[in-house]
Amino acid sequence: MVEITASMVKELREKTDAPMMECKKALTEAVGDLAKAEEILRVKLGNKATKAASRIAAEGVVGMYLANDGKLAAVVEVNSETDFVAKNDEFIALAKGCAELIATKNPADVAALSALPMGAGTVETTRTALVGKVGENMTIRRFVRIAAVGKLASYVHGGSKIGVLVDVTGGDEQLAKDLAMHIAASKPKALDSSGVPAELLDTERRIAIEKARESGKPEAMLEKIAEGTVQKYLRDVTLLGQVFVKAEDGKQTIEQLLKAKNAKVNGFTLYVVGEGIEKKVNDFAAEVAAQAAAAKK
């Protein structure tokens, strides 16, 4: 039997960039034949990528690109299964590379982005190779490309978990930066009331009416109470209605701030990693017990 040495594993790892244990297994299967082991790894990594694709990827990062003149930008969410992989330099580079391609090449959708050249292949081959390398699913979930009306400011927070682009006309650089940070902190759903979906307002109105009714309020007052609740909700979820997080008096709204600075927000984009993705919750104790029971059988 051929001895699989550390130097052989090291050489194969350097050639393929595959995990060390995978390299050792491939060399054992290939009886020490380096070329054959490399071929085995290529097959296994591809299979690993396929298997990983069925697993939920709800962690990840926001990749951002902003042109020097502030007139063009892109933001993309790239997901992984674990936060550990989201901190991988190659994973972060993939997200940043995608953001730059989105800004400069203007792909129509994720499929078009995936077909664009990247490195020695395409975005898709780069993604698949990285999936195979780390053994974890990765997906490009969504992106947006923005051509500014005014000038764009960006802000990334929490290890690239939250990304903001805001398009501002007037004001100064500090104002734009403050607005981007405010959006990251307060997470408005829309710029103003016109951008809030009607179904959300209907839900708030129904809940307010039922609460008021249960508390014994007269039927004649229910609609008025509901309208007050909806207006408060709009102040909470619209950027212009929110109180500025850095307001010294704790009362100045974003709308008032913009008026004082003779500025206008033309629009904004807020990405929060994993937002809306149902994450799988594992019962670790149950999982270990199941594995132990399977081993006994």
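In the block above lies the structure referred to throughout.
None of the values given here were measured: they were computed from a predicted structure. (Residues numbered from 1 in each chain as written. Predicted model: local features only at pLDDT ≥ 70, side-chain atom pairs only at ≥ 80, totals over all residues. Heavy atoms only, no water.)

**As for the overall build of the protein chain**
Scanning the protein chain from terminus to terminus reveals 12 helices and eight strands. For the protein chain, with 297 residues in total, the buried portion stands at 39%. By sequence separation, contacts in the protein chain at least 24 residues apart represent 63% of the contacts at least 6 residues apart. Of the roughly 17,100 Å² that the protein chain leaves accessible, carbon and sulfur atoms contribute 54%. (Helix = DSSP H or I, 4+ residues; strand = E, 2+ residues; numbered from the N terminus. Buried < 20%, exposed > 50% of the residue type's maximum accessible area, 1.4 Å probe, protein only. Contact = heavy atoms within 4.5 Å. Areas by Shrake-Rupley, 256 points an atom, 1.4 Å probe, with all protein chains shown as cover.)

**Comments concerning the sheet that holds strand E6 (residues 151–157)**
As summarised here, the arrangement of the three strands in space is E6-E7-E8, forming an open sheet in which the pairing is antiparallel. The two strands at the open ends of the sheet, each matched to only one other strand, are E6 and strand E8 (263–272). Mean inter-strand twist for the sheet, computed between neighbouring axes without regard to direction, equals 15°. Pairing analysis gives seven bridges linking E6 to strand E7 (residues 162–170), with the strands arranged antiparallel. Following the sheet pairing, Ala-153 is matched in E7 by Val-166. Contacts between helix H8 (residues 173–186) and the sheet are confined to E6, E7 and E8, with E7 contributing the most and set at about 140° to the helix. (Pairing = 2+ DSSP bridges. Axes fitted to C-alpha atoms, helices over the stretch in contact; angles between N-to-C directions.)

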